[in-house]
Amino acid sequence: MKDIFKNKMDCFHNYSVAYTDDCRMPESKTRQLRRAYYAAMTYTDAQVGKVLGQLSSEGFGDDTIVVLWGDHGWQLGEHGEWAKFTNFEDGVRVPFLLHVPGVTDAGMKTDALVELIDIYPTLTDLAGLPQPELCPSFSHNISECVEGVSVAPLLKDPTKQWKQAAFSQYPRPNSGIYYLPDHKYVKSKHSEQVMGYTMRTDKWRYTEWLHFNADTAMGNWSDVWGKELYDHTNATVDFNDENMNRAYDRGFEGVLAQLHDQLMEGWRAALPPAYAQTDDVEHATSEFV
């Protein structure tokens, strides 16, 4: 580990901490930061309660759709990581809470895979507004289109067959490690030279790190710097089961090949059956309202 880091400034983002030689956060600082984070969440939760309470007291509680979400996950020392800057489950999984008066009043939960890009088409659907168009395969010349779909059908049936995968991505180097033993980053006007494309299915998280052209915003699938495969088939509470990378282990070759193909096919191939897209389909409605 020590030979990877040039100095302790490479360890983490903007934390004035006396790191150990292998870039570990001291235990005392870890406890302090986690305590502060939990306190911040408690305070935020209280403020959300105040907003919802005021909404009801003003008479809008029964006809207002409320969505609560976060734009990224957060790591509190898992895998030695802090903040949001990874493709691990803790870095990309987010809260997504939806309240629809008269529909979700009794509470409900789904294990379906949904994404933040689904929020806009969901709200237009629930509000009875025209649904935005799904982006076609080539959308460079289209001013308005979306890659998400309405999750309103899940409010009728939370067990409904849904997306096959959810997608995220994060670049390197953005900060932290700027070189690896087997690869060398070339300095340029862009910081992103490798892009990590990650996909979460119901059983696996699979990530490929591709050499990235920041000018064309495209990764090179023939220049793969690394792969990660994490097994989520038997859930535990330990860092979302992403402590052991199975990408280079025997016995996982078939899973790796299948997930590689699925990752390359992208979000269109992962859409729910009701939203299966062909190039002549402009939009789909859930017939929820």
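What counts and how
Residues numbered from 1 in each chain as written. Predicted model: local features only at pLDDT ≥ 70, side-chain atom pairs only at ≥ 80, totals over all residues. Heavy atoms only, no water. Pairing = 2+ DSSP bridges. Helix = DSSP H or I, 4+ residues; strand = E, 2+ residues; numbered from the N terminus. Axes fitted to C-alpha atoms, helices over the stretch in contact; angles between N-to-C directions. Contact = heavy atoms within 4.5 Å. Phe/Tyr/Trp six-rings, centres within 6.5 Å; stacked < 30°, edge-to-face > 60°. Buried < 20%, exposed > 50% of the residue type's maximum accessible area, 1.4 Å probe, protein only. Disulfide = S-S within 2.5 Å. Core = buried A, V, L, I, M, F, W, Y, C linked by side-chain atoms within 4.5 Å. pLDDT = per-residue confidence, 0-100.

S.K.: I tried to follow the sheet that holds strand β8 (residues 194–200) on my own but got confused; where do I start?
M.R.: As a general point, the strands of a sheet are linked pairwise by backbone hydrogen bonds and lie either parallel or antiparallel. Strands sit in the order β5-β8-β9-β10 across an open sheet of four strands; the sheet is antiparallel. The sheet is open, and its two borders are formed by β5 (166–172) and β10 (218–231), each paired with just one other strand. Direction aside, the axes of adjacent strands within the sheet are offset by 20° on average. Two elements, β8 and strand β9 (residues 204–213), share seven bridges in a ladder whose sense is antiparallel. Across the sheet, residue V194 finds its bridge partner in β9, namely H211. Against the sheet, helix α5 (residues 253–265) contacts β5, β8, β9 and β10, and its axis sits at roughly 55° relative to β9.

S.K.: Got a minute to help me understand the packing of aromatic side chains in this structure?
M.R.: Each aromatic ring pair is characterised by the separation of its centres together with the angle its planes make. Scanning all chains against the criterion turns up seven aromatic pairs. Both rings, one in F85 and one in Y170, keep their centres 6.2 Å apart while their planes meet at 55°; by these two values the pair is tilted. Taken together, the positions of F85 in the loop between β3 (82–83) and α2 (89–92) and Y170 in strand β5 put the pair 85 residues apart, joining distant regions of the chain. In this structure F85 comes out as buried when scored by relative accessible area, which is 17%. Each member of the aromatic cluster is reached from another via a ring pair, and the members are Y37, Y38 and W74.

S.K.: Whenever I open this one, the state of the cysteines confuses me. Can you help?
M.R.: Disulfide: a covalent bond connecting the sulfur atoms of a pair of cysteines. For the structure on display, the rule yields one disulfide. Paired by a disulfide, C135 and C145 hold their sulfur atoms 2.0 Å apart. Here the disulfide of C135 and C145 is right-handed, its torsion about the S-S bond being about 90°. A residue pair is termed long-range when its members are at least 10 positions apart, and C135 in the loop between α3 (119–126) and α4 (152–156) and C145 in the loop between α3 and α4 qualify at 10 residues. C135 sits in the buried class, given a relative accessible area of 5%.

S.K.: Can you help me understand α3 in this one?
M.R.: Extensive coverage of α3 is indicated by the burial of six of its eight residues. Elements in contact with the buried residues of α3: β1 (66–69), β4 (96–99) and α4. One or two residues past the end of α3 sits G128, with phi positive at roughly 75°.

S.K.: Can you walk me through the nonpolar core in this structure?
M.R.: Here is a general trend for soluble globular proteins: nonpolar side chains tend to be buried in one another's company. Judged by nonpolar contacts, the single largest core of 18 residues is most densely connected at L98, L126, L134, V149, W162 and L271. When contributions to this core are tallied by element, the ones reaching two or more residues are α3 and α4. Broken down by element, the residue count for this core peaks at three residues, all from α4. One finds W204, L210, L229 and F252 within the second-largest nonpolar core, a separate group that totals 15 residues.

S.K.: How should the confidence of the model for the protein chain be read in this particular structure?
M.R.: Caution is warranted with low-pLDDT regions, since their predicted coordinates should not be read in detail. Here the protein chain averages 85 in pLDDT, and 79% of its residues register 70 or above. This stretch, residues 1–9, has a pLDDT under 50; its non-local contacts, to residues over four places away or in other chains, come to 15 contacts.

S.K.: What is the right way to read the environment of P158 from this model?
M.R.: Mapped onto the elements, P158 comes out in the loop between α4 and β5. What makes P158 partly exposed here is its relative accessible area of 25%. Sequence separation between P158 and T110 is 48 residues, and the spatial gap between their C-alpha atoms is 4.9 Å. In this structure, P158 is in contact with M108, K109 and T110, ignoring residues within four places of it in sequence.

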